[in-house]
Amino acid sequence: MESSGVDPPLMKCDVNQTCVDTTYDFVTGQKFTTREEAISWIREVGIRNKVTVIITHSDTKTGKRGRSNKLIFGCDKGGKYKKTDSETQSASKRCGCPFKIRSKPSKDGSGWKIDVKCGVHNHDLPDRFEGHAFVSLLNTDDKQHIVDLIKCHVPPRHILLSMQERDPENVTRITQIYKHKSKIQKDIRGPIIEMQQLLKLVKESGYVYWSRKKDESEVDFCPQVILTDRDLALMKAIETVFPKTTNLLCQFHINKNVKSKCKEYVVDNMRETVEKMWYELIRASDEMEYHQRLKQFEDACVDSKDFIDMVGTDTQKCGCTHRKVYGLPCACELGRYTLSGDAIPIRLFIFIGEN
């Protein structure tokens, strides 16, 4: 705290140091009604000149000796450089920048005045502020704009483009948008966990679901089948979290993958025929028709063994195209319960009435 009212000698740039003078950018005779207005003006001028201005000292008049209303501003690179030997923590960006501005109320009561004590920087200023944590902070208008677009299910990358269209000088990064989106979702969810929120939304939307509770605080959600698009990370997570759940791939991605492998392994003059036979195979109406078409498909691909291996028609593996035949689960599904000694749940059967 400075009680004498006299500023200490300011640092000066050495001959070999970089010196950037921003004194005249901050010099003003304007008086500000409140301290917040003074802070806002100084920071806006700093942003226009690519200077990150921070409050290094703040004091409020309380009636005690030595206490008075004042603000001391400095550069974010002011202070002593701190070196660290840590492998995970980077060193300090401070380089002893002497930049300093004082703001305090005028004696005549006309408002807060600004006094530039040193407008010199001993380092280069950035060409752009993009990615800087100080200017990338979202203001109130930006936050509300993000909330409105998230309610309309707009992806974060499109939200960023919308913000840049509104303000070409906006340097917000997509990381800030994802963080704010996460905060919004957490506020909506409240004290409940993600799985409880999922069950709540499933119930509100009228989906059919099944779950069981271990106690009042923890929900153990055990789906019988999960359909994925062959996201390997997701499939591994399902295998770990739900080891008894059957993980199926959606037909669209299976067909897409088969078509891709067909181009890679099947000769040109057979591709169209093989693809047509594949689509007929997966549309078989019963088990007998399925096996007939499977035999035809394998015969057509006799010269493309690698393609057959990729498609996976090995009956020793659980790759049943039809999970249900005449209302009964496939043999692999029934065999899993037989080997474990567990009773076959009645919900696995589909009861077909007479027409």
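Residues numbered from 1 in each chain as written. Predicted model: local features only at pLDDT ≥ 70, side-chain atom pairs only at ≥ 80, totals over all residues. Heavy atoms only, no water.

Q: In this structure, what is going on with the environment of glutamine 296? I would like to understand it.
A: Within the element layout of this structure, glutamine 296 appears in helix H10 (residues 287–300). Judged by relative accessible area, glutamine 296 falls into the partly exposed class, the value being 46%. (Helix = DSSP H or I, 4+ residues; strand = E, 2+ residues; numbered from the N terminus. Buried < 20%, exposed > 50% of the residue type's maximum accessible area, 1.4 Å probe, protein only.)

Q: What exactly am I supposed to notice about the pattern of salt bridges here?
A: Close approach of charged atoms allows side chains of opposite charge to pair. Scanning the model with the defined rule gives 7 salt bridges in all. Across the salt bridge formed by aspartate 115 and lysine 117, the nearest N and O atoms sit 2.9 Å from each other. When its relative accessible area of 32% is taken as the criterion, aspartate 115 is described as partly exposed. Relative accessible area serves as the criterion here: at 29%, lysine 117 is assigned to the partly exposed category. In this structure, the salt-bridge partner of lysine 183 is aspartate 187, at a minimum N-O distance of 3.3 Å. Remark: aspartate 187 and lysine 183 occur in helix H5 (residues 174–189); sequence separation between them is 4 residues, near one turn of the helix. Here aspartate 187 falls in the exposed class, since its relative accessible area comes to 51%. (Salt bridge = Lys/Arg side-chain N within 4 Å of Asp/Glu carboxyl O.)

Q: How do you make sense of the confidence of the model for the chain when you look at a structure like this?
A: Low-pLDDT portions of the prediction should not be read for the details of their coordinates. Averaged over all residues, the pLDDT of the chain equals 76, while 72% of them reach at least 70. This stretch, residues 1–11, has a pLDDT under 50; its non-local contacts, to residues over four places away or in other chains, come to 17 contacts. (pLDDT = per-residue confidence, 0-100. Contact = heavy atoms within 4.5 Å.)

Q: Mind showing me how you'd approach the packing of helix H9 (residues 268–282) against H10 here?
A: Between H9 and H10, the least distance of the axes is 9 Å, while the angle of their chain directions is 165 degrees. As summarised for this structure, H9 and H10 are arranged roughly antiparallel, according to the angle between their axes. In terms of crossing hand, the pair formed by H9 and H10 is left-handed. Side by side, H9 and H10 meet where Met270, Val274, Met277, Trp278, Glu280 and Leu281 of the first sit next to Tyr290, Arg293, Leu294, Gln296, Phe297 and Ala300 of the second. When grouped by side-chain class, the residues that make up the contact of H9 with H10 number 9 nonpolar, 1 polar and 2 charged. (Axes fitted to C-alpha atoms, helices over the stretch in contact; angles between N-to-C directions. Parallel < 35°, antiparallel > 145°, perpendicular 65-115°, else oblique. Left-handed = near helix turned anticlockwise from the far one by under 90°. Nonpolar A, V, L, I, M, F, W, Y, C, P; charged D, E, K, R; others polar.)

Q: Please clarify how the sheet that holds strand E5 (residues 112–118) should be interpreted in this entry.
A: Strand pairing in a sheet relies on backbone hydrogen bonds, with the paired strands running either antiparallel or parallel. Reading across from one edge, E2-E3-E4-E5 is the order of the 4 strands in this open sheet, with antiparallel pairing throughout. What marks the edges here is a single partner per strand, and that holds for strand E2 (53–59) and E5. Across the sheet, the mean angle from the axis of one strand to that of its neighbour is 25 degrees, orientation sign disregarded. As paired strands, E2 and strand E3 (residues 70–75) are joined by 6 bridges and run antiparallel to one another. Directly across from isoleucine 55, in E3, lies its bridge partner phenylalanine 73. Together, E2, E3, strand E4 (100–105) and E5 form the strand contacts of helix H2 (residues 35–48), whose direction differs from that of E2 by roughly 155 degrees. (Pairing = 2+ DSSP bridges.)

Q: Explain the state of the cysteines here, please?
A: Simply put, the disulfide is a covalent bond whose two ends are the sulfur atoms of two cysteines. Summed over all chains, the structure comprises 0 disulfides. With no disulfide of its own, cysteine 75 lies 4.0 Å from the sulfur of cysteine 97, the closest cysteine sulfur. (Disulfide = S-S within 2.5 Å.)

Q: Is there a simple way to explain a positive patch on the surface in this structure?
A: Taken together, the side chains of Lys31, Lys104, Lys107 and Lys113 present a region of like positive charge at the surface. Position of lysine 113 relative to the elements: it lies in strand E5. For lysine 113, a relative accessible area of 35% corresponds to the partly exposed category. (Patch = residues over 30% accessible without salt bridge, like charges linked within 9 Å, V, L, I, M, F, W, Y side chains within 5 Å. Areas by Shrake-Rupley, 256 points an atom, 1.4 Å probe, with all protein chains shown as cover. Lys, Arg positive; Asp, Glu negative; His and termini not counted. Charge placed at Lys NZ, Arg CZ, Asp CG, Glu CD.)

Q: Help me understand the nonpolar core, please; the structure alone is not making it clear to me.
A: Side chains that are nonpolar tend, in soluble globular proteins, to be buried together. Counting 18 residues, the largest nonpolar core has Phe26, Ile42, Val53, Phe73, Phe99 and Ile101 as the members making the most contacts within it. Looking at this core, the element that brings in the most residues is H2, giving 5 residues. If we ignore the near neighbours within four places in the chain, the residues touching isoleucine 42 are Phe26, Val53, Phe73, Ile101 and Ile114. Counting 15 residues, the second largest nonpolar core, distinct from the first, contains Val266, Trp278, Leu294 and Phe307. (Core = buried A, V, L, I, M, F, W, Y, C linked by side-chain atoms within 4.5 Å.)

Q: How should I be thinking about the packing of aromatic side chains in this particular structure?
A: Applying the stated criterion across every chain, the model contains 3 aromatic pairs. Summarising the aromatic geometry, the rings of tryptophan 278 and phenylalanine 297 are spaced 5.8 Å apart at their centres and angled 55 degrees between planes, so their arrangement reads as tilted. Placement of the pair is tryptophan 278 in helix H9 and phenylalanine 297 in helix H10, with a sequence separation of 19 residues. A relative accessible area of 7% places tryptophan 278 in the buried class. Owing to a relative accessible area of 0%, phenylalanine 297 belongs among the buried residues under this scheme. (Phe/Tyr/Trp six-rings, centres within 6.5 Å; stacked < 30°, edge-to-face > 60°.)

Q: For this particular structure, what's the right way to read the packing of helix H3 (residues 140–151) against H5?
A: Two numbers describe a pair of packed helices, the interaxial angle and the distance between the axes. Here H3 crosses H5 at 70 degrees, and the two axes come no closer than 10 Å. Compared by their axis directions, H3 and H5 come out roughly perpendicular. At the point where H3 passes H5, the crossing takes the right-handed sense. Contacts between H3 and H5 involve Lys143, Ile146, Val147 and Ile150 from the former and Ile177, His180, Lys181 and Ile184 from the latter. Here the contact of H3 with H5 is composed, by residue class, of 5 nonpolar, 1 polar and 2 charged.

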